[in-house]
Amino acid sequence: MSHGTTHQHDVIIIGGGGAGLRASIAIAQENPSFSVACVSKVYPMRSHTVTAEGGAAASIKPNDTLEDHIYDTISGADWLADQDAVEYFVNRAPSEMVQLEHWGCPWSREPDGSVAVRPFGGMKIERTWFAADKTGFHMLHSLFQTTLKYGNIVRFDEHFATRLLIDDDGRCRGCAAIELQTGRVKTILGKSVIICTGGAGRVFPFTTNGAIKTGDGMSMAYRAGVALKDMEFIQYHPTGLPGTGILITEASRGEGGILVNKDGYRYLQDYDLGQPLDVSDPRHPLKRAMELGPRDKLSQCFMKERWAGRTIATRDGHVVHLDLRHLGEAKIDKRIPFVRELARSYAGIDPVHQPIPVRPVVHYVMGGIDVDSNSATTIPGLYAAGECACVSINGANRLGSNSLTELLVFGAQAGKHAARFAMDHPDYNVSALETQAADEGARVRRAFFDAPRKGGERIVTLRTELHEAMENGAGIYRDAESLEAACATVADLRERYRKLNIDDRTHSFNTELTAALELGSLLDCAEAMAHSGLQRTESRGSHQRLDHTERNDEEFLAHSLAFHQADGGVPQIEYKPVTITKWPPGARTYGAGSGLKRE
Amino acid sequence: MDVKDTVMLEIFRYHPETDSEPRFQSYEVPYNEDWVVLDAINWIKDHVDGSLTHRWSCRMGVCGSCGMMVNGEPKLTCAAFLKDYYPFGIKVEPLVNFAVERDLVVDMDGFMDKLQEVKPYIIRDDVNDTSEGEYRQSPAQLAQYKQYSMCINCMLCYAACPVAGHEDEFLGPAALALGHRYNKDSRDQGQAERLDVMLAGEAIWGCTFVGECTVVCPKHVDPAGAIQQAKAMAAQEYFKGFVMPKGTGVSKGADG
């Protein structure tokens, strides 16, 4: 790749989704003299935040308390969340959500004009703000449109960052990024850097995640020496459409939808999630119970029903039914119109008249780049926020509707701290950093353009084998054997990746090259997920081991940290304790009367 | 491969580094009745020709990346099913009215500039602190602008518009609908500023009300209606300008 121009700004943000845009605005507003560069491999409004449907949690209503939001989050996380970070998050959530309202987000409203809320899984009280069922779409567009107000936010749209640039003194000072239009590698420099590149659901074959969710930022940080934390915790959302994996929002259950097996039976009552109320009962749906249990447990219940032979076989695999018919057409069209549109287009059924076939689908990576509650990594000047980061507020299982709020709270937090770092450490060595970027261009050229054209591996072959290995080895239920097999396959694929052969050796818009680089990111993330999973010999939240079925707080009330090994060896796994403040680990209960007990 | 079980895609190809002009290339793709045109294009890229170039991401009709001309009509290819064309061939081209970067990828710079020009953000003289809570907005006030906020910036309306292709000054359906969205938002006080932009030259007046933008919108936004309403508001503002100080604005109902 030919060496492109050098660009100097104050803070560099990699990723233009919800977290990246929130960070950009935070800096642009507080530091009008600063120049903020927002580097994204797609135009910001294409970012995956756009697909989030159901809503974003913040406690504002008189019947709710901050403490309930904290407890729901911590118990939902199976006590693997850092409680100081959760407290900060919950306390900041209302003002961040109001801020987005002031920026124009079209929240659904109550008749009195206040913001409406709905219940979500694992919540004692309804606290999910929503914009019908396109909440992520409206949040992303509101944030993006608001950035257009600030002349000091400079966008690098369709620039694919491939490497962090680290100064002589060990501080992160920018990135090398391929300008897709020309194929040139630009040197984009700043006094601090924030990674906001989202998750890595594309490690798996069956996922709600869009094509762009390939863990590029996680991989960059991992290769620069930052640990990937808690990567064994992968969230399966219980209700995806078979075949495509398109998400049917949890809001459909928050509005009263029920899950039934092949006999029409509400099977969740058999799994310690409380007793069902009739759908005509005004108290239905009960909070923190049945269909409003947490995502990890609901996905695990599906697997148990499957093993018991009570799911429904289709040509796209086994499913259960999400039945919304009792809600009626008017409510479905008002509160969850996108669910109806998606079910009609992609499942060929109308939920007003038929139940929707659904199965668990990979949705979210709880783990990510190890950051503290200031969003700072262990590399000075390098910050991360959003799904790519692990603070951790999500622990072993993220509560539905916490992730959209997280990208606001920690996007703003990362922006504030990165700006402060930039003010305190203004000087860096331009020519040394330019040399690193030139080296990166040369590496990409050698790896993908200079290889012989015959006899190499195709991207699709390796990607398909990776998908199979991860689905079989690191799915909803795992054990030592399955995880060891996944580790071995990933190691083998990593070797074969060195012989990858791409058809396209041209420069302008080479999306085969970006797919090859993305495959490299996926391999890094998969490696961390499989090895972290193998080492954690307990079951907690979304990490369920068939050979170690109990939670083990003695040994594993701790975050795993996977460190990349430069020699290509297996990652080193270390642990650091979870921060427990006021909520000692307890039994995780759902059903009637569960939740925070007040003295 | 059994001929019955395949479908032919004829795809527009152009590479600025190697082609002096565009050409079409045909690909035989396995027919799967669940597949959309985007699945077929991805299959070609994965298995046949890695150099085929297109944009996509969410494959659920909300990120707006994958708009193309399918048999001459602007479509989201993630929502255009093969079964609606089978057994006939499918011709895929980049969106018209945009310069082509490569193959099915078009130049979006002009579009992005137009979005920015309409000042698509809340403008207020008095900004409340977040501690004072949300601005009140009744469901009826929300309904005033909600449909115009549903645009996913897929640009199909520009490909359908007979004016957008040849009148540079014309802001185009999506950008005008977006400006109108904020003008109709009860929380906003920026209508006069925005109308200054929309009134200039051919920015809005270029529209000849053909209405194709509304017909092709995959998200049921009505840009044609927005443009007509905005023209009426603009005219009203224009006459008010003679009798009232600038910036008084049109009342959109109280908030608080």
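Please read all numbers here as calculations on a predicted model, not as lab measurements. (Residues numbered from 1 in each chain as written. Chains lettered and ligands numbered in written order. Predicted model: local features only at pLDDT ≥ 70, side-chain atom pairs only at ≥ 80, totals over all residues.)

### Side note on the overall build of chain B
Next, step 1: Helix and strand content of chain B: eight helices and seven strands.
Next, step 2: For chain B, the spread of C-alpha atoms along the three principal axes comes to 70 × 40 × 30 Å.
Next, step 3: Looking at chain B as a whole, 47% of its 256 residues are labelled buried.
Next, step 4: In chain B, of all internal contacts separated by at least 6 residues, the share reaching a separation of at least 24 is 68%. (Helix = DSSP H or I, 4+ residues; strand = E, 2+ residues; numbered from the N terminus. Buried ≥ 20, exposed ≤ 12 C-beta atoms within 10 Å, placed from the backbone. Contact = placed C-beta atoms within 7 Å.)

### What to know about the interface of chain B and chain A
Next, step 1: Contacts between the two partners involve 45 residues from chain B, matched on the other side by 43 residues from chain A.
Next, step 2: Contributing elements (two or more residues each) for the side of chain B that touches chain A: helix H1 (37-47), strand S6 (100-102) and helix H3 (139-145) of chain B.
Next, step 3: In the side of chain B that touches chain A, the residues fall into 15 nonpolar, 18 polar and 12 charged. (Nonpolar A, V, L, I, M, F, W, Y, C, P; charged D, E, K, R; others polar.)

### Some thoughts on helix H12 (residues 459-473) of chain A
Residue and element names in this part refer to chain A.
Next, step 1: Taking 1.5 Å as the rise per residue, H12 with 15 residues should run 21 Å; its terminal C-alpha atoms sit 21 Å apart, in good agreement.
Next, step 2: Buried within H12 are the following residues: Ile459, Leu462, Arg463, Leu466, Ala469, Met470 and Gly473. The buried side chains of H12 occupy one side of the element, clustering within an arc of 125 degrees when seen end-on.
Next, step 3: Each element contacted by the buried residues of H12 is listed here: strand S21 (477-478), helix H13 (480-497) and helix H14 (511-535). (Expected span 1.5 Å × (residues − 1). Arc of directions from axis to C-beta.)

### Digging into the nonpolar core
Soluble globular proteins: nonpolar side chains tend toward being buried together.
Residue and element names in this part refer to chain A.
Next, step 1: Among the nonpolar cores identified, the biggest contains 253 residues, and Ile13, Val39, Cys175, Ile194, Ile369, Ala384 and Ala385 are the most heavily contacted of them.
Next, step 2: Broken down by element, the residue count for this core peaks at 12 residues, all from H14.
Next, step 3: Apart from residues lying up to four places away in sequence, alanine 384 is in contact with Ile194, Ile195, Gly217, Ala221, Ile369, Val371, Ser375, Thr377, Ala389 and Ala414. (Core = buried A, V, L, I, M, F, W, Y, C linked by C-beta atoms within 7 Å.)

### Looking at the packing of H12 of chain A against H13 of chain A
Residue and element names in this part refer to chain A.
Next, step 1: Contact geometry of H12 with H13 gives a least axis separation of 8 Å together with a crossing angle of 165 degrees. As summarised for this structure, H12 and H13 are arranged roughly antiparallel, according to the angle between their axes. As for the relative orientation of H12 and H13, their crossing is left-handed in sense. Counting all contacts with H12, which are made through Leu462, Glu465, Leu466, Ala469, Met470, Asn472 and Gly473, the residues of H13 involved are Ser482, Leu483, Ala485, Ala486, Thr489, Val490, Leu493, Arg496 and Tyr497.
Next, step 2: Residue composition of the contact of H12 with H13, grouped by class: 10 nonpolar, four polar and two charged. (Axes fitted to C-alpha atoms, helices over the stretch in contact; angles between N-to-C directions. Parallel < 35°, antiparallel > 145°, perpendicular 65-115°, else oblique. Left-handed = near helix turned anticlockwise from the far one by under 90°.)

### Describing the sheet that holds strand S6 (residues 128-129) of chain A
Next, step 1: The three strands lie next to each other as S4-S6-S5 (chain A), forming an open sheet whose pairing is antiparallel. The sheet is open, and its two edges are formed by strand S4 (56-57) and strand S5 (117-118) of chain A, each paired on a single side. (Pairing = 2+ DSSP bridges.)

### Digging into the domain arrangement of chain B
Next, step 1: Here chain B is described as being made up of domain 1 (3-106) and domain 2 (109-240).
Next, step 2: A class-by-class count of the residues in the side of domain 1 of chain B that touches domain 2 of chain B yields seven nonpolar, four polar and no charged. (Domains from an automatic or database assignment.)

### A closer look at the sheet that holds strand S20 (residues 389-390) of chain A
Residue and element names in this part refer to chain A.
Next, step 1: If you trace the five strands from one edge of the open sheet to the other, you get S20-S18-S12-S23-S24, paired in mixed fashion. At either end of the open sheet lies a strand with only one pairing partner, and these are S20 and strand S24 (572-577).
Next, step 2: Note that strand S18 (residues 368-370) and S20 share two bridges and pair parallel. Across the sheet, the residue bridging to isoleucine 369 is alanine 389, located in S20.
Next, step 3: Each of strand S12 (228-229) and S18 is contacted by helix H5 (residues 216-223), which is oriented at about 35 degrees to S18, the strand it contacts most.
Next, step 4: Along the sheet, H14 contacts S12, strand S23 (558-563) and S24; its crossing angle with S23, the most-contacted strand, is approximately 135 degrees.

### Concerning the confidence of the model for chain B
Next, step 1: Taken residue by residue, chain B gives an average pLDDT of 92. The fraction at 70 or more is 92%.
Next, step 2: For this predicted complex, the interface confidence comes out at an ipTM of 0.96, alongside a pTM of 0.97. (pLDDT = per-residue confidence, 0-100.)

### So, the packing of H12 of chain A against H14 of chain A
The angle between the axes and the distance between the axes are what describe a pair of packed helices.
Residue and element names in this part refer to chain A.
Next, step 1: Closest axis-to-axis distance for the H12/H14 pair is 11 Å, and the angle between their directions is 20 degrees. Classified by the angle between their axes, H12 and H14 sit roughly parallel to one another. For the element pair H12 and H14, the recorded crossing hand is left-handed. Judged by residue contacts, Ile459, Leu462, Arg463, Leu466, Met470 and Gly473 of H12 engage Ala515, Ala516, Leu519, Leu522, Leu523, Ala526 and Ala530 from H14.
Next, step 2: Classifying every residue of the contact of H12 with H14 gives 11 nonpolar, one polar and one charged.

### Description of the domain arrangement of chain A
By a widespread convention, an interface's size corresponds to the accessible area lost as its parts come together.
Residue and element names in this part refer to chain A.
Next, step 1: Its domain assignment divides chain A into domain 1 (238-361) and domain 2 (449-556).
Next, step 2: Placing the centre of domain 1 and that of domain 2 at their C-alpha centroids yields a distance of 30 Å.
Next, step 3: Counting residues at the interface gives five residues for domain 1, matched by five residues for domain 2.
Next, step 4: Counting residues per element, the side of domain 1 that touches domain 2 draws most heavily on helix H7 (residues 295-307), at four residues.

### Observations concerning the environment of phenylalanine 130 of chain A
Residues and elements named next belong to chain A.
Next, step 1: Mapped onto the secondary structure, phenylalanine 130 falls in the loop between S6 and helix H4 (135-147).
Next, step 2: Given 26 C-beta atoms within a 10 Å radius, phenylalanine 130 is considered buried.
Next, step 3: Residues phenylalanine 130 and valine 361 lie 231 residues apart in sequence; the distance between their C-alpha atoms is 22 Å.
Next, step 4: Residues contacting phenylalanine 130, with those up to four places away along its chain left out, are Gly54, Gly55, Ser108, Arg118, Thr135 and Ala251.

### Description of the environment of alanine 177 of chain A
All names here are of chain A.
Next, step 1: Here alanine 177 is to be found in strand S9 (residues 172-179).
Next, step 2: As for alanine 177 and threonine 239, which are separated by 62 residues in sequence, their C-alpha atoms are 37 Å apart.
Next, step 3: What alanine 177 contacts, discounting residues up to four positions off in sequence, is Val39, Phe156, His159, Phe160, Ala161, Thr162, Lys186 and Ile188.

### Topic: the pairing of strand S5 (residues 90-93) of chain B
In regular strands, side chains alternate between the two faces of the sheet.
Residue and element names in this part refer to chain B.
Next, step 1: In this structure, strand S1 (residues 6-13) lies alongside S5, joined through three bridges in parallel fashion. By the bridge assignment for S5, leucine 9 is matched with isoleucine 90.
Next, step 2: Bridge count for strand S3 (residues 67-70) against S5 is two bridges, and the pairing is antiparallel. What sits directly across from methionine 69, in S5, is glutamate 93.

### Observations regarding the environment of glutamine 275 of chain A
Next, step 1: Examined against the element boundaries, glutamine 275 of chain A turns out to sit in the loop between strand S14 (258-260) and H7.
Next, step 2: In this structure the C-alpha to C-alpha distance between glutamine 275 of chain A and lysine 334 of chain A, which are 59 residues apart in sequence, comes to 28 Å.

### Here's the deal with unusual backbone geometry
Next, step 1: The residue after valine 391 of chain A, namely serine 392 of chain A, is reached through a cis peptide bond having omega 10 degrees.
Next, step 2: Phi at arginine 59 of chain B is positive, roughly 45 degrees, even though this residue is not glycine.
Next, step 3: In this structure, arginine 59 of chain B sits in the loop between H1 and S3.
Next, step 4: One non-glycine residue, histidine 220 of chain B, lies in positive phi territory at about 60 degrees.
Next, step 5: Tracing the backbone shows histidine 220 of chain B in the loop between helix H7 (212-216) and helix H8 (223-240).
Next, step 6: When the 9 C-beta atoms within 10 Å are taken as the criterion, histidine 220 of chain B is described as exposed.

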